[in-house]
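Structural overview for review
Given next are the chains, with one letter for each unit.
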Amino acid sequence: MKDKIKVAVCVDMKWKNEIFSGMGNYAKESYFHYTELSKLAKKDNIKVIRTDLKFYNKRSNTFSRGWIFDDILGWVRIVNFKADIIHNATKNLKKTEKQREHFFKQKKVALNPKELQKIVSNKLETYKHFKDFCPITFRVKDKQAFLNAVKKIPSKKIVIKPIVGSSAANVFIINKKDVPAFKLYKDALVQEFIETKGQAKDYRIIIANNRYVQSYSRIAKGKSKIVNFSFGGSMKMLKHNNLPKSVITTYKQIMAKLTKFPYNMYTIDIMIDAKGKPKLIELNGNPGAVLYRPNSCLDGLKEFQKAKLKVFRKVYELSKLN
């Protein structure tokens, strides 16, 4: 029988509130995802515990608070538990830096090793490693650098985004004529805008333990140029042979450069420009499940969750060797 594994899924939580209350518009989808994940994990002798890094006590190596799913009672609180694996999904990275570093040293962090997590979660690092695949990109820290960068970008529109972020938060697409009036936030990336044929969409490929898991297309709502779910985007599951050949070639080249890492789980987002050329938009080191809504894409969700559980198991096995 496989060893029992306790996985602490660390998110931003408030103990006094309902477990998914902090997820806002994503509460329903998150409840569905983690409930189904917990049921599936149980079959593989894995216990998923929702908690927060602020509840961790380094001296006792325990979490003081957490939530687990019970088949009869639903999500219930537990106290004072130890975890074998940490899956960090907190947003406030600066506040949790010491705790995360502690677990990285123990080699107990999923979904990616520290070096890889930096590459796939930091857009500037992604660009440094995969410059040949990306749109023209500049890091700008002040207004003059911003104006200079815009002059070197050929597209009529530009994209402004934070170096670290998700769900298209603080991402702006503006015309070059509006650049002088734009209030630039501190330390941003400025990119070439990728013009696509027809409705804006991208192709997301999910990789786990250096293997292709699944793919889908994210399609922007109406005339929007942002495909993210948080901006009304939708998803369409795709079989591997339905991906454009140029997308398959590109994601395989990117994946090949990251196979040196013994375990991983990340996404590769690719757009095809109006000339038919694929462009790497970004990588994501913490693939979300909110697009898999209740009563839709259930096969896709289960496939995604099985891959995540395999990563948990792989991290656990490697940690036992240290």
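Structural notes, computed from the coordinates.

1. A look at the pattern of salt bridges
- Counted under the stated rule, the structure contains 13 salt bridges.
- Put simply, Lys123 and Glu282 hold a salt bridge, and the shortest N to O gap is 3.9 Å. Placement of the pair is Lys123 in helix α4 (residues 123-129) and Glu282 in strand β16 (residues 278-284), with a sequence separation of 159 residues. Each member of the pair, Lys123 as well as Glu282, is classed as buried.

2. Regarding the sheet that holds strand β8 (residues 137-140)
- Taking strand neighbours across the sheet as the criterion, the four strands line up as β8-β11-β9-β10 in an open arrangement whose pairing is antiparallel. If you trace the sheet from one side to the other, it starts and ends with β8 and β10 (172-175), each paired once. Neighbouring strand axes in the sheet, compared pairwise and without regard to direction, differ in orientation by 25 degrees on average.
- Seen against the sheet, helix α5 (residues 143-151) touches β8, β9 (157-162) and β11 (188-192) and runs at an angle of roughly 170 degrees to β8.

3. Remarks on the sheet that holds strand β13 (residues 211-219)
- Spatially, five strands are ordered β14-β13-β12-β15-β16 in an open sheet, and the strand pairing comes out antiparallel. The two strands at the open ends of the sheet, each matched to only one other strand, are β14 (234-238) and β16. Put simply, the sheet's adjacent strands are angled 30 degrees from each other on average, direction ignored.
- Pairing geometry for strand β12 (residues 201-208) and β13, over eight bridges, is antiparallel. Following the sheet pairing, Ala208 is matched in β13 by Arg211.
- In the packing of helix α6 (residues 245-256) onto the sheet, contacts are made with β12, β13, β15 (265-272) and β16, and the angle to β15 comes to roughly 140 degrees.

Procedures and definitions
Per-chain numbering applies: the sequence of each chain, read as written, is numbered from 1 onward. Two thresholds apply to this predicted model, a pLDDT of at least 70 for residue-level local features and 80 or more for giving and counting side-chain atom pairs, whereas whole-chain, interface and lining totals are computed over all residues. As a convention, hydrogens and water are excluded, and side-chain values are obtained from all of the structure's heavy atoms. When a carboxyl oxygen of Asp or Glu is within 4 Å of a side-chain nitrogen of Lys or Arg, the pair counts as a salt bridge. Helix and strand assignments come from DSSP, with helices taken as H or I runs of at least 4 residues and strands as E runs of at least 2, each series counted from the N terminus. Buried means the residue's accessible area, taken with a 1.4 Å probe over protein chains only, is under 20% of the maximum for its type, while exposed means over 50%, and partly exposed covers the values in between. Strands pair, by our definition, only if DSSP identifies at least two bridges between them. To define axes, lines are fitted to C-alpha atoms, for helices over the stretch in contact only, and angles between the resulting N-to-C directions are given on a 0 to 180 degree scale. The contact criterion used is simple: two residues touch if any of their non-hydrogen atoms lie within 4.5 Å.

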